[in-house]
Amino acid sequence: MMQILVIHGPNLNLLGSREPGIYGSRTLAQIDADLRETAAKAGATLESFQSNHEGALVDRIQAAGRDGSGFIIINPAAYTHTSVALRDALAAVGLPFVEVHLSNIHKREAFRQHSYFSDLADGVICGLGPQGYTLALQYALTKLATQASLAPAS
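Under an unreviewed UniProt entry, the protein chain has the name 3-dehydroquinate dehydratase and belongs to Roseateles aquae. Of the comments in the UniProt record for the protein chain, the one headed Catalytic activity (unreviewed entry) reads "3-dehydroquinate = 3-dehydroshikimate + H2O".

Structure (structure tokens):
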């Protein structure tokens, strides 16, 4: 079974009410439900995890390296621009991942235009709102299915 982990960073629990002009009106629960449904239709499981605490996010990434997760979709939110600890956790577990941002970070303040994760990521999707998560999931499903088809039969 393909297992995908979606990680949401700080303040994403406020989606739907937080600056809807920038982040849209969909809630995090709605985004996660759509992703779980899409994953299930493809025969995959999807777990979502959100925290406002850097250490909890690091712990969850580290656990993904041991729990059968095959892919991570991560929106590090504000930690995109500040967290070497999250970067190190992603590098340590060695799982493929896509970095997602609801807004186009390159059209925002200068401090938001740098990411500690992009050079490690399989890809970066920004500025497409919740659809960015869907596109990342489609990529993850394709990558995991390809890896499974190439794996030697046991």
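Next comes the rest of the write-up.
Draft legend 1. View of the overall build of the protein chain. Within the protein chain, the regular secondary structure consists of 5 helices and 5 strands. Secondary structure elements in the protein chain, listed N-terminal to C-terminal, are β-α-α-β-α-β-α-β-β-α. Over its C-alpha trace the protein chain gives a radius of gyration of 15 Å, about what one expects of a compact globule, namely 15 Å for 154 residues. In terms of principal-axis extent, the alpha carbons of the protein chain reach across some 50 × 30 × 25 Å. Put simply, of all contacts in the protein chain between residues at least 6 apart along the chain, 76% involve residues at least 24 apart. Accessible surface for the protein chain amounts to roughly 7,400 Å². Of this, 53% is attributable to carbon and sulfur atoms. When the 11 positive and 13 negative side-chain charges of the protein chain are each reduced to one mean point, those points stand 4 Å apart.

Draft legend 2. A look at the sheet that holds strand 1 (residues 2–8). In spatial order, the strands read 2-1-3-4-5; together these 5 strands make up an open sheet with parallel pairing. In this open sheet, the two edge strands, each paired with only one partner strand, are strand 2 (44–50) and strand 5 (123–126). Averaged over all neighbouring strand pairs, the angle between strand axes comes to 20 degrees, with direction disregarded. In terms of strand pairing, strand 3 (residues 71–75) meets strand 4 (residues 97–101) through 3 bridges, oriented parallel. Looking at the pairing, isoleucine 72 lines up with phenylalanine 97 of strand 4. Packed on one face of the sheet, helix 3 (residues 54–64) meets strand 1, strand 2 and strand 3 and runs near 170 degrees to strand 1.

Draft legend 3. Geometry of the pattern of salt bridges. According to the stated counting rule, one finds 6 salt bridges in the structure shown. Across the pair lysine 143 and aspartate 122 runs a salt bridge, and its minimum N-O distance is 2.8 Å. One end of the pair, lysine 143, is in helix 5 (residues 131–150); the other, aspartate 122, is in the loop between strand 4 and strand 5, with 21 residues separating them in the sequence. Overall, lysine 143 belongs to the partly exposed group, its relative accessible area being 23%. Aspartate 122 sits in the partly exposed class, given a relative accessible area of 34%.

Draft legend 4. Molecular detail of the packing of helix 2 (residues 28–41) against helix 5. At a minimum axis distance of 10 Å, the contact between helix 2 and helix 5 shows a crossing angle of 25 degrees. One way to sum up the angle between helix 2 and helix 5 is to call them roughly parallel. Here the hand of the crossing between helix 2 and helix 5 comes out right-handed. Each of Ile31, Leu35, Thr38 and Ala39 in helix 2 lies in contact with helix 5, whose residues at this interface are Tyr133, Thr134, Leu137 and Leu141.

Draft legend 5. Here's a closer look at the UniProt feature "site: Transition state stabilizer" (unreviewed entry) in the protein chain. Residues annotated in UniProt with the feature "site: Transition state stabilizer" (unreviewed entry) correspond here to Arg18. With respect to the element layout, arginine 18 can be found in the loop between strand 1 and helix 1 (20–23). Beyond its immediate sequence surroundings of up to four residues, arginine 18 is in contact with Asn11 and Tyr23.

Draft legend 6. Inspection of the packing of aromatic side chains at higher detail. This model, assessed by the stated rule, comprises 1 aromatic pair. Seen in terms of ring centroids, phenylalanine 71 and tyrosine 139 are 5.9 Å apart; in terms of plane orientation they differ by 65 degrees. Their pairing is edge-to-face. In this pair, phenylalanine 71 is assigned in strand 3 and tyrosine 139 in helix 5, connecting sequence segments 68 residues apart. On the accessibility criterion, tyrosine 139 (36% relative accessible area) is partly exposed.

Conventions adopted
Residues numbered from 1 in each chain as written. Predicted model: local features only at pLDDT ≥ 70, side-chain atom pairs only at ≥ 80, totals over all residues. Heavy atoms only, no water. UniProt positions renumbered as here; feature names shortened; annotations may be inferred. Helix = DSSP H or I, 4+ residues; strand = E, 2+ residues; numbered from the N terminus. Rg over C-alpha atoms; globule rule 2.2 N^0.38 Å. Contact = heavy atoms within 4.5 Å. Areas by Shrake-Rupley, 256 points an atom, 1.4 Å probe, with all protein chains shown as cover. Lys, Arg positive; Asp, Glu negative; His and termini not counted. Charge placed at Lys NZ, Arg CZ, Asp CG, Glu CD. Pairing = 2+ DSSP bridges. Axes fitted to C-alpha atoms, helices over the stretch in contact; angles between N-to-C directions. Salt bridge = Lys/Arg side-chain N within 4 Å of Asp/Glu carboxyl O. Buried < 20%, exposed > 50% of the residue type's maximum accessible area, 1.4 Å probe, protein only. Parallel < 35°, antiparallel > 145°, perpendicular 65-115°, else oblique. Left-handed = near helix turned anticlockwise from the far one by under 90°. Phe/Tyr/Trp six-rings, centres within 6.5 Å; stacked < 30°, edge-to-face > 60°.

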